[in-house]
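Chain by chain, the residues run as shown.
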Amino acid sequence: MSNLKRLASFLCSTAILMAAGVYAMRGAWPWPAEPVKAVTVQELFSETVDTLRRGETLSQLFVRQGFSGFALSQSAAGGVFEPRRLRPGLIFSFRCRPEDSIPSKVVVRMGPEQRVALHLLNDGWWPQAEPIVWRSEPVTLEGRIETSLYDALDDEVSDSLLALPDRIRLAWDLADIFAWQVDFGRDIRPGDGFRVLAERLISEEGEVRYGRVLAGDLQIAGQRYTAYRFTTPEGRSGFYDGAGRSLRRAFLLAPVSFRRISSRFNGARLHPILGIVRRHEGMDFAADPGTPVMAAGDGVVSRREWSAGYGNLVELRHANGIVTRYGHLRGYAPGLEPGQRVSQGDVIGYVGSTGLATGPHLHYEFRVNGVSRDPHTADLGTGEPVPLARMRDFERERARLGALLIWPEGPVPALAEALPEVPSQSASN
């Protein structure tokens with residue numbers, strides 16, 4: 001009898017376990033469960049925000065928040081936080097736990113890539129660097145150009161895609177990328193257009209800022225200009241056209257950005273001051289006083305002096321008998337001296353109206369073996385193309401970016417997984 005009872009008990013237990021297994025697999029349960037009460041999480045700290053004012057020390061800011069002053073802990077690592085080098089306008093967040101009477105942690109954003117958390121110890125504040133991770137989100141932008149590239153980006157691109165300061169940066173970057181193909185002062189025609197695949201960065205706190213240009217397509221004066229960013233496995237980045245040719249040239253089309261041409265290369269021009277007709281051996285670029293003037297190509301400073309009608313003049317000597325001149329400057333770049341080597345894009349001076357000039361502008365000459373040439377028709381040299389060993393990689397990247405470049409304006413989700421998170425450093429071209 002006892003054996004029968006044990007057998008019956010075993011069979012009953014087995015049946016219950018099997019039934020429970022079936023209900024578990026179905027995601028159901030044969031009897032109602034007691035509802036779980038919601039758990040209320042208390043706020044871990046209260047927060048007070050304050051700003052470092054002009055002329056104010058960090059100790060004065062901390063006194064305003066109830067401390068006797070500010071002192072770093074003896075265990076603080078050097079270079080992480082330098083109180084004497086803080087700029088006014090920095091925002092400090094004072095965080096206090098409910099059980100404490102004064103804040104035990106202070107957080108300050110030092111820049112777009114890093115914040116510093118200050119923890120209160122017995123002998124002072126201990127700083128800890130906290131890198132900020134930015135996630136890449138590609139976005140397409142498009143529009144028509146009626147007056148200038150800057151105005152087009154300002155008018156056609158909404159604040160929800162890029163804030164105004166970021167649109168300004170994007171305009172400058174595009175002008176730099178296409179500086180060897182397009183003169184944005186002379187070549188723009190009403191109805192021209194642009195389409196850009198750019199990178200937008202989103203921080204872990206939800207902040208949004210512009211990162212870099214990935215690809216661009218411009219329709220200027222009936223011509224189409226394309227650019228694709230390509231980075232080799234060795235880490236060398238550049239912009240190339242569809243055939244893998246570098247967009248860089250040995251010389252810039254013009255040495256000032258976002259300019260308008262007030263006087264072109266001309267064999268017989270009525271001089272506005274002298275009132276006589278004479279050859280104009282260069283191009284005049286009207287620009288605001290103080291606009292930076294860049295070296296059109298790599299070279300050596302051969303002259304930095306006052307030169308009659310040129311006013312303040314800089315002359316650069318380049319390879320292959322090429323000389324460039326920059327006249328009517330308001331002043332020179334600090335430290336610029338004859339014999340100094342400069343690279344393409346280096347600032348060498350600033351737009352002014354010295355010498356025989358009716359207003360602020362840059363007089364620019366491009367001379368080959370002593371003869372003036374129109375820089376828009378002269379041979380500006382070629383840059384290095386994509387290495388043959390990397391052409392297959394470039395063609396794949398060109399096809400990927402080209403397909404995404406035609407995506408409707410806005411974020412491009414298809415590319416999000418293809419781009420890595422941005423490390424703690426500023427994005428740039």
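Sequence order as written defines the numbering, with residues in each chain counted from 1. Only residues with pLDDT of at least 70 are given local features in this predicted model, and only at 80 or more are side-chain atom pairs given and counted; all residues enter the totals for whole chains, interfaces and linings. Heavy atoms throughout the structure, all of them, feed into the side-chain values; hydrogens and water do not.

(A) Region of the structure containing the overall build of the protein. Scanning the protein from N- to C-terminus turns up six helices and 23 strands. Each residue is assigned to one of three classes by its accessible area relative to the maximum for its type, calculated with a 1.4 Å probe on protein chains only: buried under 20%, partly exposed between the two thresholds, exposed over 50%. Within the protein, the proportion of its 429 residues that are buried is 43%. By sequence separation, contacts in the protein at least 24 residues apart represent 62% of the contacts at least 6 residues apart. As displayed, the protein offers around 23,600 Å² of accessible surface, 53% of which is attributable to carbon and sulfur atoms. Each helix is a run of H or I in the DSSP string that is no shorter than four residues. Each strand is a run of E no shorter than two, and both are numbered from the N terminus. Contact definition: two residues touch when any of their heavy atoms are within 4.5 Å. Only the protein chains shown count as cover for residues, and all accessible areas are computed by the Shrake-Rupley method using a 1.4 Å probe.

(B) Here's a closer look at the sheet that holds strand β2 (residues 91-96). The pairing criterion is simple: DSSP has to find at least two bridges between the two strands. Here five strands make up an open sheet; going across it, the order is β1-β2-β3-β4-β5 and the pairing antiparallel. Looking along the sheet, the strands with just one partner apiece sit at the ends: β1 (46-51) and β5 (124-131). This sheet shows a mean twist of 25° between the axes of neighbouring strands, independent of strand direction. Both β2 and strand β3 (residues 105-109) contribute to a ladder of four bridges, which runs antiparallel. By the bridge assignment for β3, Arg95 is matched with Lys105. Here, axes are lines fitted to C-alpha atoms. For helices the fit covers the stretch in contact, and angles between N-to-C directions go from 0 to 180 degrees.

(C) Representation of the sheet that holds strand β8 (residues 208-220) within the structure. Reading across from one edge, β10-β9-β8-β7-β6-β23 is the order of the six strands in this open sheet, with antiparallel pairing throughout. Unpaired on one side and paired on the other, β10 (237-240) and β23 (410-411) mark the two borders of the sheet. Bridge count between β8 and strand β9 (residues 223-231): six bridges; the pairing is antiparallel. Following the sheet pairing, Leu218 is matched in β9 by Tyr225. Packing of helix α3 (residues 149-156) onto the sheet brings it into contact with β6 (134-145) and β7 (192-203), and relative to β6 it is tilted by some 110°. Sitting on the sheet, helix α5 (residues 391-405) is in contact with β6, β7, β8, β9 and β10, with an inclination near 125° to β9.

(D) Broad picture of the packing of aromatic side chains. By convention, a stacked pair of Phe, Tyr or Trp rings (six-membered ring in the case of Trp) has centres within 6.5 Å and planes under 30 degrees apart, an edge-to-face pair has planes over 60 apart, and any other such pair is tilted. Enumeration over the complete set of coordinates arrives at 13 aromatic pairs. Arranged with centres 6.1 Å apart and planes meeting at 65°, the rings of Phe70 and Phe81 form a pair that is edge-to-face. Separated by 11 residues along the polypeptide, Phe70 in the loop between α2 (58-64) and β2 and Phe81 in the loop between α2 and β2 bring together distant segments of the chain. Residue Phe70 is classed as buried on the basis of its relative accessible area of 14%. The class for Phe81 is buried, based on a relative accessible area of 2%. Between the aromatic rings of Tyr240 and Phe394, the centroid separation amounts to 6.0 Å while the plane-to-plane angle is 70°, which identifies the pairing as edge-to-face. Pair noted here: Tyr240 is in strand β10 and Phe394 is in helix α5, with a separation of 154 residues, a long-range link. Take Tyr240 and Phe394: they sit in the same class, and that class is buried. Its guanidinium or amino end placed over the ring of Trp134, Arg209 lies 4.3 Å from that ring's centre, counting from NZ or CZ. By the criterion adopted, a ring carries a charge over it if an Arg CZ or a Lys NZ lies within 6 Å of its centre and within 35 degrees of its normal.

(E) How the structure looks around the confidence of the model for the protein. What pLDDT expresses is the predictor's confidence in each residue, scored from 0 to 100. The share of residues in the protein with pLDDT of 70 or more is 80%, and the mean pLDDT across the chain is 79. Per-residue pLDDT stays below 50 along residues 27-42; that stretch engages in four contacts with residues further than four places along the chain or on separate chains.

(F) Local environment of unusual backbone geometry. At Ala221, a residue that is not glycine, the phi angle is positive and equals roughly 50°. Looking at the element boundaries, Ala221 is found in the loop between β8 and β9. Look at His328: it is not a glycine, yet its phi comes out positive at around 70°. Of note, His328 is situated in strand β18 (residues 322-332).

(G) Region of interest: the pairing of β9. Counted between consecutive antiparallel strands, the loop separating β8 from β9 contains two residues, among which Ala221 sits at a positive phi close to 50°. As paired strands, β9 and β10 are joined by four bridges and run antiparallel to one another. Among the inter-strand pairings, Phe230 is bridged to a residue of β10, identified as Gly238. Here β9 folds back onto β10 in antiparallel fashion, the turn holding five residues, of which Gly235 has a positive phi close to 95°.

(H) Focus on α3. Every buried residue of α3 is listed here: Leu149, Ala152 and Leu153. Within α3, the buried residues cover an arc of 95° as seen down the axis, which keeps them to one side. Here a polar contact means two N or O atoms within 3.5 Å. Within protein one must be a hydrogen donor candidate and the other an acceptor candidate, and residues neighboring in sequence count only if both atoms are side-chain atoms. Two or three places before Asp151, at the start of α3, stands the capping residue Ser148, its side-chain oxygen 3.1 Å from that residue's backbone nitrogen. Of all possible arcs, the one meant is that of the directions from the helix axis to the C-beta atoms.

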